[in-house]
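Inside the fold
Listed below, chain by chain, are the residues.
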Amino acid sequence: MFYLCNYSSPVGLITLASQQNKLVGAWIEGEKYFGHTLNTRTEEKSNLSIFNSTKKWFDDYFSGKRPNPYQLELAPNGTPFRNLVWEILCKIPYGQVITYGDIAKQIAIKTNKASMSSQAVGGAVGHNPISIIIPCHRVIGANGNLTGYAGGIDKKIKLLQHEGIDTTSFFIPKHGCF
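Residues numbered from 1 in each chain as written. Predicted model: local features only at pLDDT ≥ 70, side-chain atom pairs only at ≥ 80, totals over all residues. Heavy atoms only, no water.

What to know about the sheet that holds strand 3 (residues 22–28)
Here we have four strands laid out as an open sheet, ordered 3-2-1-4, and mixed in their pairing. Two strands lie at the open edges of the sheet, namely strand 3 and strand 4 (42–44), each paired on one side alone. Neighbour-to-neighbour, the strand axes of the sheet open up by a mean angle of 30°, direction not taken into account. Of the strand pairs in this sheet, strand 2 (residues 12–19) and strand 3 are connected by six bridges, and their pairing is antiparallel. Directly across from L16, in strand 3, lies its bridge partner A26. (Pairing = 2+ DSSP bridges. Helix = DSSP H or I, 4+ residues; strand = E, 2+ residues; numbered from the N terminus. Axes fitted to C-alpha atoms, helices over the stretch in contact; angles between N-to-C directions.)

Right, here's the structure in full:
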């Protein structure tokens, strides 16, 4: 059983999902892969301790504090590769960005491979089920390309600016995202 509740944020309504009192989802309304990891029955239950902690985390984040993703019991449901990517995302400091290529290089080193595909990394970043907390918005393409945010480029820009990142040197791609 998955439990759900909503959180109203400056970037839109966020649906939270938990299973066994761990956070398994935080999707911004209209997100491309909204609820994609929920594969069983769901029930609204807004007063679970994980939801209270997550709402506090979001309150702190949107008030300008820098809460740590590891304050919460996170349990994103993904392949070992995706979980490795999401683990790297959690280590990106506030106010900083990293490229898909940089993450690919880190994964190649961790997995003892000669190289790793930036596109594969992009797919994992795009399927992140715990938006904002696992900060996929801090990942950009080469040369400042603002591609790959399932919640929408406008929200990605707003989150980066909220964290104090100057986005004027970044650009929105003319063709699709991951």
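A look at the pattern of salt bridges
A complete count under the given rule lists three salt bridges for this structure. In this structure, D60 and K65 form a salt bridge, with 3.8 Å as the shortest nitrogen-oxygen distance. Judged by its relative accessible area of 14%, D60 falls in the buried class. The class of K65 is partly exposed, set by a relative accessible area of 49%. Its salt-bridge partner being R138, residue E163 comes within 2.8 Å of it at the nearest N-O pair. One end of the pair, E163, is in the segment after helix 5 (153–162); the other, R138, is in the loop between helix 4 (118–126) and strand 6 (139–140), and 25 residues separate them in sequence. Grouping residues by exposure puts E163 and R138 together as buried. (Salt bridge = Lys/Arg side-chain N within 4 Å of Asp/Glu carboxyl O. Buried < 20%, exposed > 50% of the residue type's maximum accessible area, 1.4 Å probe, protein only.)

Structural notes on the packing of aromatic side chains
Evaluation of the coordinates by the stated rule reveals seven aromatic pairs. Measuring from ring centre to ring centre gives 5.1 Å for Y7 and F58, while their planes differ by 25°; the resulting arrangement is stacked. Of this pair, Y7 sits in strand 1 (residues 2–9) while F58 sits in helix 1 (residues 49–62), placing them 51 residues apart in sequence. The rings of Y7, W57, F58, Y61, F62 and Y94 are connected pair by pair, giving a single aromatic cluster. (Phe/Tyr/Trp six-rings, centres within 6.5 Å; stacked < 30°, edge-to-face > 60°.)

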